[in-house]
Structures are given as C-alpha cells and as structure tokens.
Amino acid sequence: SVSQAIAFNNRLHGVNFVLSQDQFQGQWSIMVNGTTYSSSTASILSDLQNGVYQYEVIAPEGYVVTPSSGSFAVLDGNVTIPLDVKDQTYKITFVGKGLESGTQWQVKFGNETVHSTQSEITFEFPVGNYSYYVPDVNTYTTDQSNGYVIISDQNMTISIEFQPPANYVESGLA
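As a starting point, this report considers the structure included with it. (Residues numbered from 1 in each chain as written. Predicted model: local features only at pLDDT ≥ 70, side-chain atom pairs only at ≥ 80, totals over all residues. Heavy atoms only, no water.)

## A closer look at the pairing of strand β11 (residues 112-116)
What counts is decided by this rule: When DSSP finds two or more bridges between a pair of strands, those strands are recorded as paired. Segments assigned H or I by DSSP are reported as helices when at least four residues long, segments assigned E as strands when at least two residues long, and all are numbered from the N terminus.
One ladder, built from 5 bridges, connects strand β10 (residues 105-109) with β11; its direction is antiparallel. Paired with F109 across the strands is E112, a residue of β11. Connecting the antiparallel pair β10 and β11 is a turn made up of 2 residues, with G110 showing a positive phi of about 60°.

Dropping the structure here:
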C-alpha cells in the first residue's frame, strides 16, 4: 500500500470590502456565505481561507451601494472588493397643467434647472429641504411659482396649474 501526504492550505487571507465614499454616517454590513460582518467605517476587513464566496451588501441607511451582491475568489492572497456608495435619491416630478401641448416650460429645483415641452419634469435628489421656482410661461401664469419641498423617504409629485391670460379664447372647439 502506498500512502501520500496531501497538504491543505488553511491559511487565512485578508478580504477587504471598501466603500468609495468614506464620509457616510451609519452602520453597514456584508453577508459572506451566511456570515455577517459589520462596520461604521468605510471598510470591512475579514480573514477567509481559499475558496469562492458569495456576498450581499446591507447598505447604510440613506445610501445605495453597487454592486449590492456578487462573488469573489480567495486564491492564496489578499482580496480588495471596491464598492460604490451614493446617496439614496428620490424622484420629484413636476406636472405642468393648463399649457397648450408642446409649450416649453421650466422648473428650477435645488441647483438644477430643466426645460421641457413635455407635461412632466423629473428630478432626482437625496433626502433634504429644497426650494423650487416655476416661472410664468409666455402669458400663462401660475400662483404656485415658488415653494419648498422636504424629501424624506419617498418619491413625490407636484402639480403646477397654469392659467391662460384673461383674454384667451380656445380655438378648435365647436
């Protein structure tokens, strides 16, 4: 009978998950093959043996992390997995009503201004307090030209009613 010794490498190697933004505040976690590792800093370091692993990110509140899941291999060396973190954003949609089809209008929301000939103008912003401004369009006026929005944790729709001039007569009606 012949016997042969087989050496297994049980050495541990550093696996470092690193967020791209280190100014976030809050707790975040990584689940690797069912084991959860947590941190309140921009990186999570764990020691793992050679192998292939699955991970899932549990993002800090108010943030989105990509990729949010994936796999990686540890092969006799340390591994760094970069993760991109961004503020969670919400859609704020302004709906212009009362304008003739194809009329250009605009909304200034926060520090962005968007012009459109469509009935909806949409922005994406993180949680916060914002002001908006909707100027009159030609001779159409609105009494909702200024306002404030508090974005907390959901998308929002704001209707803007435009009124035609007092001497306006609709055409094409029988």
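## Description of the pattern of salt bridges
Condition: Salt bridges are counted wherever a side-chain nitrogen of Lys or Arg sits within 4 Å of a carboxyl oxygen of Asp or Glu. Burial classes follow relative accessibility: with a 1.4 Å probe on protein chains only, a residue under 20% of its type's maximum area counts as buried, one over 50% as exposed, and anything between as partly exposed.
Within the structure shown, the criterion is met by 1 salt bridge. The closest approach of N and O atoms between K86 and D84, which form a salt bridge, is 3.5 Å. You can call K86 exposed: its relative accessible area is 52%.

## So, unusual backbone geometry
Between T66 and P67 the backbone carries a cis peptide bond, its omega angle lying at -10°. Tracing the sequence through the fold places P67 in the loop between β6 (63-66) and β7 (69-74). A positive phi angle, close to 45°, is found at N33, a residue other than glycine. For N33, the location among the structural elements is in the loop between β2 (28-32) and β3 (35-39).

## Structural notes on the sheet that holds strand β1 (residues 13-19)
Note the following rule: Fitting a line to C-alpha atoms yields each axis, with helices limited to the stretch in contact; the angle taken between N-to-C directions then spans 0 to 180 degrees.
If you trace the 4 strands from one edge of the open sheet to the other, you get β4-β1-β8-β6, paired in mixed fashion. Looking at which strands have only one partner, the edges of the open sheet turn out to be β4 (43-48) and β6. Across this sheet, the average inter-strand angle for adjacent strands is 25°, counted without regard to direction. Pairing of β6 with strand β8 (residues 79-87), which is carried by 4 bridges, proceeds in the antiparallel orientation. Bridging from a neighbouring strand, V65 pairs with V85 of β8.

## Re the packing of aromatic side chains
As a reminder of what qualifies: In this scheme Phe, Tyr and Trp rings, the latter by its six-membered ring, pair at centre separations within 6.5 Å, and the angle between planes marks the pair as stacked below 30 degrees, edge-to-face above 60, and tilted otherwise.
Tallied over the full model, the rule gives 13 aromatic pairs. When the centroid spacing of 5.4 Å and the interplanar angle of 35° are considered together, the rings of F109 and F123 count as tilted. Taken together, the residues span a long stretch of sequence, with F109 in strand β10 and F123 in strand β12 (residues 120-126) at a distance of 14 residues. For the pair shown, F109 and F123 are each scored as buried.

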